[in-house]
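Examining the three-dimensional arrangement
This is what each chain is made of:
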Amino acid sequence: MPLVRTPLPRARWLRSAVLVAASAGLVAAALPAPPPLGIGDRLFPHLGNPGYDVLAYHLDLTYPGVNTKPLAAVTRIDALATDHLERINLDFTHGEVSAVTVDGLPAAHTSSGEDLVVTPAVAIDAGETIEITVTHTSDPTGPADTGGWVRTGDGLAMANQADAAHRVFPSNDHPADKAYFTFRVTAPDDLTVVANGLPEGRARHGATTTWTYRTRHPMATELAQISIGRSTVVHRDGPHGLPVRDVVPTADRKLMEPWLRKTPGHLEWMERQVGAYPFETYGVLVADADTGFELETQTLSLFERGLFTEPGYPAWYVDSIMVHELAHQWFGDSVSPRTWSDLWLNEGHASWYEALYAEETAGKSLERRMKAAYAASDGWRADGGPPAAPEAPSPDHKISLFRPVVYDGSALVLYALRQEIGTDAFRRLERRWVADHRDRTATTADFTALAGEIAGRDLTAFFQGWLYAAKTPPMPGHPDWRSRPAEAVRTAAKPG
């Protein structure tokens, strides 16, 4: 949708005109170093920033043709001030900032931790729209396990979960602040660029081409995706004419086709479970990289090439993992977590539908998988906390947040809930959840309240035990299920 900007108040414009010359030469280093801010997320206390709501990001990146050199970049952020702001904190690290403007006026800037602290020439009043433009580099080098850019065999892709989008571009890097995105990426002519959303055009300039993509739905920063490489884009129709586009290394086009053609069927299956697909397009991005994970980037899920080529993975397993990432488009992407402690709502649901699909299509018993998860659950809780109150990740290994307790340990909560309220009520809950919160953020409290409403009774005690207790409660309908000691769990394979 077009952004309607609030005109700059006349008094502020006059003061700005007086101050612009001075502000152009202002050196932020002369100011006291401000502390990094955050919105108080329990697991990532410095992530996100208070005082404004991002409405849209406009990313303009130039890829130099090799993935070991920084990209030149300009990031424009359209935001609405929710408080009076003397300074504006953005999350940004691993790039060099050469200039910042606020509403077209040069602004001072400095770094504090992983924050870019911007001091506008004139303070921003609550209720005003702001246009922040940062000229910077975006560096794809560094340890692979820190997230952000992923170097592939022929270019780049992104893996920003949970807190790594700000290693790529300045942002309010927390899923609580979703926004619309426009991507303009310039790359050498022999490369293909694909990003979230739908294409808005291509323009050739000599030996380079600029590709433009735009999202039609708001998106969390951790779900942003840009693929640059020697790729082929494969188009087909999904349910109701949904455009499905898959991005694969050109050399692997025929090799990947047996997997790519499964996506329309996956979409139909998920729509039967929870309702209409929530976005404008979907597809699979196959990256020639060893990431160790797959990622539900919005409208274009990231998969490592090895998932499809490793002969040790049975076909039913690969199939169900594709459904896992697709399920995230509803659970985690369309309905995003308000805080990172709500992660169980993302991964628990994706694991649930992964397991349900494997049962329906490959005869892999859901009950058997949940019984195995129950046996391991006490150990998982001891190692990583209960599902809705996970322990913080290791500071030097943020991906450690993604522990078994938020996968099968959280799918187990959904199994217990279905046992408690019945299959019909559970299916109504799932459909209502994704419909009521589409394109928004939601909390664990929102989910438990809706479950109680649909069940027609108070489920507070049920959820208190299943989501927050150190020990796993008895499983409804299965009084014989037992949990193994924590030490035994640590040496066992993950169920499923």
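Everything below is about the structure shown above.
Attention in this report is confined to the structure presented alongside it. (Residues numbered from 1 in each chain as written. Predicted model: local features only at pLDDT ≥ 70, side-chain atom pairs only at ≥ 80, totals over all residues. Heavy atoms only, no water.)

Looking at the overall build of the chain
Going by this rule: Numbered from the N terminus, helices here are DSSP runs of H or I no shorter than four residues, and strands are runs of E no shorter than two. Contact criterion: two residues are considered in contact whenever any of their non-hydrogen atoms come within 4.5 Å of each other. The protein chains shown are the only cover counted for residues, whose accessible areas, like all others here, come from Shrake-Rupley with a 1.4 Å probe. Only four residue types enter the tally: Lys and Arg on the positive side, Asp and Glu on the negative side, with His and both chain ends excluded. One atom stands in for each charge, and that atom is NZ of Lys, CZ of Arg, CG of Asp or CD of Glu.
Regarding its fold elements, the chain presents 12 helices and 21 strands. Its C-alpha atoms put the chain at 75 × 50 × 40 Å along the principal axes. Here the analysis covers contacts within the chain between residues at least 6 apart in sequence; of these, 71% occur between residues at least 24 apart. In the form shown here, the chain has an accessible surface area of approximately 19,700 Å², with 54% of it arising from carbon and sulfur atoms. Positive and negative side-chain charges in the chain, numbering 46 and 61 respectively, have mean positions lying 3 Å apart.

With respect to helix α9 (residues 423-436)
Put simply, the rule is: A helix is expected to reach a length of 1.5 Å times the quantity of its residues less one. Throughout this description, buried means an accessible area under 20% of the type-specific maximum (1.4 Å probe, protein chains only), exposed means over 50%, and partly exposed covers the range between. By construction, the arc corresponds to the directions joining the helix axis to the C-beta atoms.
Relative to the 20 Å expected for 14 residues at 1.5 Å per residue, α9 spans 20 Å between its end C-alpha atoms, a close match to the ideal helical length. Of the residues making up α9, those classed as buried are Ala425, Phe426, Leu429, Glu430, Trp433 and Val434. Seen along its axis, α9 keeps its buried residues to an arc of 155°; they face one direction. Opposite the buried face of α9, at more than 90 degrees from it, the exposed residues are Asp424 and Ala435. In this structure, the buried residues of α9 make contact with α3 (263-274), β20 (335-337), α6 (343-362), α8 (408-421), β21 (440-442) and α10 (444-455).

Quick look at the sheet that holds strand β5 (residues 105-106)
In plain terms, the rule: A strand pair is defined by DSSP finding two or more bridges across the two strands.
Here eight strands make up an open sheet; going across it, the order is β5-β4-β8-β2-β1-β11-β14-β13 and the pairing mixed. For this open sheet the edge positions go to β5 and β13 (198-205), each flanked by a neighbour on one side alone.

Details of the packing of aromatic side chains
A ring pair, where both rings are aromatic, is described by two values, the distance of the centres and the angle of the planes. To keep things clear, this is the line we draw: Side-chain rings of Phe, Tyr and Trp, where Trp is taken by its six-membered ring, are said to pair if the distance between their centres is within 6.5 Å; with planes under 30 degrees apart they count as stacked, over 60 as edge-to-face, and otherwise as tilted.
All told, the structure shown has 25 aromatic pairs when counted by the stated rule. Plain terms: the ring middles of tyrosine 313 and tyrosine 317 are 5.6 Å apart, the flat faces sit at 40° to each other, and that makes the pair tilted. Since its relative accessible area comes to 37%, tyrosine 313 is described here as partly exposed. Owing to a relative accessible area of 24%, tyrosine 317 belongs among the partly exposed residues under this scheme. Plain terms: the ring middles of phenylalanine 331 and tyrosine 353 are 5.6 Å apart, the flat faces sit at 20° to each other, and that makes the pair stacked. In this pair, phenylalanine 331 sits in the loop between α5 (315-327) and β20 while tyrosine 353 sits in helix α6, placing the two residues 22 residues apart along the sequence. With a relative accessible area of 2%, tyrosine 353 lands in the buried category.

A closer look at the environment of leucine 37
As for its placement among the helices and strands, leucine 37 is situated in the loop between α1 (10-24) and β1 (52-62). According to the relative accessible area criterion, leucine 37 is partly exposed, its value standing at 34%. Excluding residues that lie within four positions of it along the chain, leucine 37 makes contacts with His46, Gly48, Asn49, Pro50, Asn89 and Asp115.

Topic: the pattern of salt bridges
We apply this condition: Each reported salt bridge corresponds to a side-chain nitrogen of Lys or Arg within 4 Å of a carboxyl oxygen of Asp or Glu.
Under the defined criterion, the tally for this structure stands at 17 salt bridges. Across the salt bridge formed by aspartate 319 and lysine 262, the nearest N and O atoms sit 3.8 Å from each other. Note that aspartate 319 is positioned in helix α5 and lysine 262 in the loop between α2 (253-260) and α3, a separation of 57 residues in sequence. Residue class for lysine 262 comes out partly exposed when judged on its relative accessible area of 30%. Salt-bridge contacts for glutamate 354 lead to arginine 369; the nearest nitrogen and oxygen are separated by 3.1 Å.

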